Amino acid sequence: MTELKIAAEIVDGENEKRASAHHADYEALGTNLARRDIDIEAITAQVSKFFVAVPSWGVGTGGTRFARFPGKGEPRGIFDKLDDCAVINQLTAATPNVSLHIPWDSQDPKMLKAHADALGLGFDAMNSNTFSDAEGQQHSYKYGSLSHADAATRQQAVDHNIECIEIGNALGSKALTVWVGDGSNFPGQSNFTKSFERYLSAMAEIYKALPDDWRIFSEHKMYEPAFYSTVVQDWGTNYLIANTLGEKAFCLVDLGHHAPNTNIEMIVARLIQFGKLGGFHFNDSKYGDDDLDAGSIDPYRLFLVFNELVDADHRGVKDFHPAHMIDQSHNVTDPIESLISSANEIRRSYAQALLVDRTALDGFQQENDALMASDTLKRAYRTDVEPILAEARRRSSGALDPIATYRASGYRAKVAAERPESRSGSGGII
């Protein structure tokens, strides 16, 4: 029996308040879609089976380089984090898996698995951390990790990643995500070629430790924490890494890790075409790696990304099963509310992409009818699919209005009374 952090009676009561209006909205949308030869039930069924993982670190208040202002009821450790993640999944019915970050979430794997099982949660990709120094660490990553000039530092980073694989294997995870902050701040500080050679050699050692049914995701980022050069700076370098390592290596696309106005959906299409798209870290941005809530700034871009994913499914791309995870920093909102909202926005983009008339779009593309091709995408994007999202949640015992239900539950006040208040901290995302 799954342990519920919010009483089922509260969810049922909140749903009952909205049931009549929701039923009318769903019926009206169904009628509208039927005129376009779209079966609303088929779309709802597909949305119900689409899931996105939540990051363990995302349920804590984030921050900037300048300051961090903790919220009430901050999780004290990974077990509190799992409790908060369970609330998100209970209300959205969209986030059954949690992605851990080691060493932040280091605990006895048996205890972690038992706690997650009780909450009805599983574990997604493991995340290693060689971009900051852990307490008691022998060698510093100040000047890099997997590409460090010092062999002992590189080996320490390799060993840490292998440890993450071992922990993940005990938890039932099937992937390792590797993001490094390695790079330079001054011209001449690092030799570009030698740094990349060292990185590839270290990653090859990690790759050898992967179980047969695991994947490894390398993640590119244009800049930050290094500001002159970054070892894995773009999708081209990322593709070279995945191609060099082998068939279990793939590229992970973080939407915020690109220059403003980069055509991310085309990057996604290229990686799909050559069989190296591993998955996503979903978020949104205005200027850089802002880690804002998914869909909060440029929801059309998120839709265009999903248009490529749905197109790949439509074409029957072989062995196509990208991983989906949220990666955000919540500085001024309740992190649980932001993750609820983001999970719904990601599902919204997926649902809208399912509504694209693929036959019509292909025809317009073949005829070079740019306006009608664009309008075909916009017609799907303009469709209000909220009734579909709500119905998918309801059928899985979730909430018709998850944020309103969360607020009505009093969960934040409850955990605030149980968990010691965090003091305002210094700069740092987490």
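Counting starts from 1 at the beginning of each chain's written sequence and moves along it residue by residue. Thresholds applied to this predicted model are a pLDDT of at least 70 for local features of residues and 80 or more for the giving and counting of side-chain atom pairs; totals over whole chains, interfaces and linings are not thresholded and use all residues. Working from all heavy atoms in the structure, the side-chain values ignore hydrogens and water.

- The name given to the chain in an unreviewed UniProt entry is Sugar isomerase, with Agrobacterium bohemicum as the source organism.

### Topic: the packing of aromatic side chains
And then number 1: Here the aromatic set is Phe, Tyr and Trp, taking the six-membered ring for Trp, and pairing holds for ring centres within 6.5 Å; pairs whose planes are under 30 degrees apart are stacked, those over 60 apart are edge-to-face, and all others are tilted. For the structure shown, the criterion picks out 15 aromatic pairs.
And then number 2: The interplanar angle of 25 degrees and the centroid separation of 4.7 Å between the aromatic rings of Phe50 and Tyr350 together place this pair among those described as stacked. With a gap of 300 residues between them, Phe50 in the loop between helix H2 (40-48) and strand S1 (54-55) and Tyr350 in helix H10 (residues 335-354) connect regions that are remote in the sequence.
And then number 3: Partly exposed residues are those whose accessible area sits between 20% and 50% of the maximum for their type, while under 20% is buried and over 50% is exposed, using a 1.4 Å probe and protein chains only. Overall, the relative accessible area of 8% leaves Phe50 in the buried class.
And then number 4: For Tyr350, a relative accessible area of 12% corresponds to the buried category.
And then number 5: Ring pairs connect the aromatic residues Phe50, Phe280, Phe282, Phe306 and Tyr350, which therefore count as one cluster.
And then number 6: Definition used: whenever NZ (Lys) or CZ (Arg) falls within 6 Å of the ring centre and also within 35 degrees of the ring normal, the charge is taken to sit over that ring. Its guanidinium or amino end placed over the ring of Phe250, Lys276 lies 5.1 Å from that ring's centre, counting from NZ or CZ. The helix and strand labels rest on DSSP assignments: H or I over at least four residues marks a helix, E over at least two residues marks a strand, and numbering proceeds from the N terminus.

### Points about the nonpolar core
And then number 1: By size, the foremost hydrophobic cluster in this structure holds 102 residues, and its most contacted members are Leu146 and Tyr199.
And then number 2: With nine residues, H10 is the single largest residue contributor to this core.
And then number 3: Once residues lying within four places of it in the same chain are set aside, the contact partners of Tyr199 are Leu146, Ser147, Val180, Ser218, Val231, Val232 and Ile241.
And then number 4: As used here, the term nonpolar core means buried Ala, Val, Leu, Ile, Met, Phe, Trp, Tyr and Cys residues forming a set that is joined through side-chain atoms within 4.5 Å. Counting six residues, the second-largest nonpolar core is a separate cluster that includes Ala125, Phe250, Leu252 and Ala323. Whether two residues are in contact is decided by their heavy atoms, any of which lying within 4.5 Å being enough.

### What to know about unusual backbone geometry
And then number 1: Note that the residue after Ile102, namely Pro103, is joined by a cis bond; omega there is 15 degrees.
And then number 2: Structurally, the position occupied by Pro103 is in the loop between strand S3 (101-102) and helix H4 (109-119).
And then number 3: With phi around 60 degrees, Asp37 is a residue other than glycine that occupies positive phi space.
And then number 4: You can see Asp37 is positioned in the loop between helix H1 (8-34) and H2.
And then number 5: You will see that Asp319, though not glycine, has its phi angle at about 50 degrees, which is positive.
And then number 6: Here Asp319 lies in the loop between helix H9 (299-315) and strand S12 (323-326).
And then number 7: Asp319 gets classed as exposed once you look at its relative accessible area, which sits at 63%.

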